[in-house]
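# Observations on the model geometry
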Amino acid sequence: MPARDVIDKALAEGRTALTAPEGRELCQEYGIATPAEGLATSADEAVRLAGEIGFPVVLKIVSPDILHKTDAGGVLVGLKSADEVRAGYEKIIANARAHDPDATIDGVQVQQRVAGGHEVIVGAVTDPTFGKVVAFGLGGVLVEVLKDVTFRLAPVSGDDALTMLDDIEAAEVLKGARGAEPANRRALAGLIERVGRLVTDIPEIVEVDLNPVFADANGAVAADVRVLIGQPAPEAERLPREEILRQMNRIFKPRSVAVIGASAETGKIGNSVMRNLINGGYQGRIYPINPKAGEIMGLKAYQGIGDVPGDVDVAVFAIPAAFVAAALEEAGRKGVAGAVMIPSGFAETGNVEGQKEIVEIARRHGVRMLGPNIYGYYYTPENLCATFCTPYDVRGSVALTSQSGGIGMAILGFSRTTKMGVSAIVGVGNKADVDEDDLLTFFEQDDNTQAVAMHLEDLKDGRGFVEAARRMVRQKPVIVLKAGRTAMGARAAGSHTGALAGDDKVYDDILRQAGVVRAPGLNDMLEYARALPILPAPKGENVVIITGAGGSGVLLSDAIADAGLTLMDIPDDLDAAFRAYIPPFGAAGNPIDITGGEPPRTYENTVRLGLSDDRIHALVLGYWHTIVTPPMVFAELIARVVAEERAKGNIKPVVASLAGDTEVEEACEYLFEHGVVAYPYTTEKPVAVLGAKYRWARAAGLLG
């Protein structure tokens, strides 16, 4: 029976799972190898099938009402004779009756016993954020204990399927570690691809488990098949990219802004927004909206936005939630492109219906809505400070977004303290309408933005985000701080794959699949955002450490391993060239230890050599504070050498760790200002930043 007919029949019968023989029919149609088998409805038939298949065999209960066969005593393995099969058939039927007296029993599956090779799991689950997701990992009875599994969006390409094999902890085992027979990688990758096609073609499939799959050098056979079914979730509605850009350009580059709820009274949100717009230097028209005022801060006030002469691109709402719907209706009739919803009191407080109402109004009028429950937004190229928070006008090339107002203000403070500068800071709050996908679509083509960093607690449309991120990372890094990394707690799951997909692992793997650089914490996200636009993209994997302190060299080496970077194996001729510049008691190799008592010239010679040799792709510098080479002498020297070599075309990422007295802080600031990412008192942070740059470069396809 065709797969489509199998699914339709089961759904028509009101079932949520396929029987094992039905699952095998799907596998046959999609080229998924399964053991020889047959369905027996009597002990005599079971004996006959076992004789045809060949001993030993496996017996499994077949019932649409018994999903977990092992728990019901419905599986017997390794039966070696006709007598064992006959007795086993009766035992399985009795166990099933005892487990569920009302269960419909179709019979007993007699299956060829498959063994040997490696036991893995290949499955798929319907994730609430990302939709159909394919899983691969170690299988068998310990799958949920070891949880050595990785995920990708379905469908899965051949290359992505192969990366899944390398993504689990047991990857070396599958390759034949310690004398074991290697698994057939092409066969496993092909199996992963087929499962991805199956769940994509048939959206009613909710979960699939092929566990265990026995994989050896000859191929991969799925010994057990479990398929759960149900009605598919509706696909997320997405606007055309051109329409998103049209509206986002009006929001970020508005010719006019109206403040609904503008106030002349200090301490009011409407007053703060007005002051920030005016004092921030915004050159467009500003329209205060307040029915009780004739003038606010020297500007004519209007009773309603409909009274404003001319067009209005953006309306900032600074009124209580109860009055938002009526004001938004008026703004929609006015043709406003963007509604910036500062008010709280919507879904975050339980007012779900109120939020649905304003979403409906906005969509009916074609208004794109930021929020509600946000601090507003900043776009420095337009001197636009549409927020009630601290004004900020330092221009830079990084756009930052956050779901949380508190995180937004942390972003602001960090930007000011580090002199990072931003192109934009955007609050998204409840994300009732505009979300990260829309913002990435704008920032991708925004010449003022060279990197985007996003704090998020969830994704409204995971697939939409992946699609937008994949486009952007080809040219610009996307950094994500995903809050809520701990497990979401127990979830009702009808399969091993469903249970394994119940925590942050799905987010982690799919964000990586999208090419996103994930930051482990807030400070990491901000440092990545600050540093990645400064660092040139590497052209290869060879990293070299040059250090004035052996201890720093060891710690930097550890950090390089943690960051997934590769310490270059220095060839003999390059080793000799470095040795010519360092004292006899120093150490070449990698790290290259020039020792702490060396003068500036030694730093200059070794760093210049590292930058000029094409076989080296990135430098990590370890500095130790001495009077022989003081911190600012080191900083000015490195900045000059890097600039001179870059002028010659030797453009490589350089990061530095400075250990010493407080003067190293000023030296690090100087280096940052001159294109060298440098941090005091830490060996981990500069290497972590370099690792983030490498992750983006790999995703962008810059390393070949």
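Presented here is an overview of the structure given in this document. Computed from a predicted structure; not experimentally measured.

## What about the overall build of the chain?
What the chain contains, in helices and strands, is 24 helices and 30 strands. The dimensions of the chain, computed from C-alpha atoms along their principal axes, are 95 × 80 × 35 Å. Looking at the chain as a whole, 56% of its 704 residues are labelled buried. Summing over all exposed atoms, the chain offers an accessible surface of approximately 28300 Å²; the carbon and sulfur share of this is 51%.

## Regarding the environment of D216
Secondary-structure assignment places D216 in strand β8 (residues 205–216). Judged by its relative accessible area of 22%, D216 falls in the partly exposed class. D216 sits 29 residues away from A187 along the chain, and the two C-alpha atoms are 9.2 Å apart. Contact partners of D216, with chain neighbours within four places excluded, come to G117, E181, P182, A183 and N184. Among the polar contacts made by the side chain of D216, one reaches the main-chain amide nitrogen of N218 at a distance of 2.8 Å.

## Some words on the side chain of D127
With respect to the helices, strands and loops of the structure, D127 is situated in strand β5 (residues 118–127). Exposure remark for D127: the relative accessible area of 11% places this residue in the buried category. One polar contact links the side chain of D127 to the main-chain amide nitrogen of F130, over a distance of 3.0 Å.

## Digging into the sheet that holds strand β12 (residues 285–289)
Strands sit in the order β12-β11-β15-β16-β17 across an open sheet of five strands; the sheet is parallel. Taken across any chain shown, the strands that pair with only one partner, and hence form the sheet edges, are β12 and β17 (368–370). Taking the axes of each pair of neighbouring strands and ignoring which way they run, one obtains an average angle of 20° across the sheet. Relative to β12, strand β11 (residues 256–260) is paired through five bridges, and the arrangement is parallel. Counted as the bridge partner of A258 is Y287 from β12. In the packing of helix α10 (residues 269–279) onto the sheet, the strands contacted are β11, β12 and β15 (314–317), and the crossing angle to β11 comes to about 160°.

## Topic: the sheet that holds strand β23 (residues 478–482)
Pairing is mixed in the open sheet, where seven strands are placed in the order β19-β18-β21-β20-β22-β23-β24. This sheet does not close on itself; its edge strands, each paired only once, are β19 (384–387) and β24 (517–518). Alignment of strand β18 (residues 376–379) against strand β21 (residues 422–427), held across three bridges, turns out to be antiparallel. What sits directly across from Y377, in β21, is V426. Helix α9 (residues 241–252) contacts β18, β19 and β21 of the sheet and is inclined by roughly 85° relative to β18.

## Section: a negative patch on the surface
The grouping of E636, D661, E663, E665, E666, E669 and E673 at the surface amounts to a negative patch. Per-element accounting of the negative patch gives the leading share, five residues, to helix α23 (residues 663–673). If you trace the backbone, E636 turns up in helix α22 (residues 631–647). Here E636 falls in the partly exposed class, since its relative accessible area comes to 42%.

## Thoughts on α10
Looking only at α10, the buried set comprises G270, N271, S272, V273, M274, N276 and L277. Of the surrounding elements, those touching the buried residues of α10 are β11, β12, β13 (295–296), β14 (299–300), β15 and β19.

## Thoughts on the pattern of salt bridges
Where charged atoms of side chains with opposite charge meet at close range, the side chains can pair. Across all of its chains, the model carries 48 salt bridges by this definition. Salt-bridge contacts for K356 lead to E353; the nearest nitrogen and oxygen are separated by 3.7 Å. Of this pair, K356 and E353 both sit in helix α12 (residues 352–365), three residues apart, which is roughly one turn of the helix. We classify E353 as exposed; its relative accessible area is 55%. A salt bridge links R368 to D438; its shortest N-O distance comes to 3.0 Å. You can see R368 sitting in strand β17 and its partner D438 sitting in helix α14 (residues 436–444), a full 70 residues away along the chain. With respect to class, R368 is no different from D438; both count as buried. When salt bridges that share partners are traced, they join R601, E604, R608, R640, E644, E645 and K648 into one network.

Analysis parameters
Residues numbered from 1 in each chain as written. Predicted model: local features only at pLDDT ≥ 70, side-chain atom pairs only at ≥ 80, totals over all residues. Heavy atoms only, no water. Helix = DSSP H or I, 4+ residues; strand = E, 2+ residues; numbered from the N terminus. Buried < 20%, exposed > 50% of the residue type's maximum accessible area, 1.4 Å probe, protein only. Areas by Shrake-Rupley, 256 points an atom, 1.4 Å probe, with all protein chains shown as cover. Contact = heavy atoms within 4.5 Å. Polar contact = N/O pair within 3.5 Å; in protein donor to acceptor, adjacent residues only side chain to side chain. Pairing = 2+ DSSP bridges. Axes fitted to C-alpha atoms, helices over the stretch in contact; angles between N-to-C directions. Patch = residues over 30% accessible without salt bridge, like charges linked within 9 Å, V, L, I, M, F, W, Y side chains within 5 Å. Salt bridge = Lys/Arg side-chain N within 4 Å of Asp/Glu carboxyl O. Lys, Arg positive; Asp, Glu negative; His and termini not counted. Charge placed at Lys NZ, Arg CZ, Asp CG, Glu CD.

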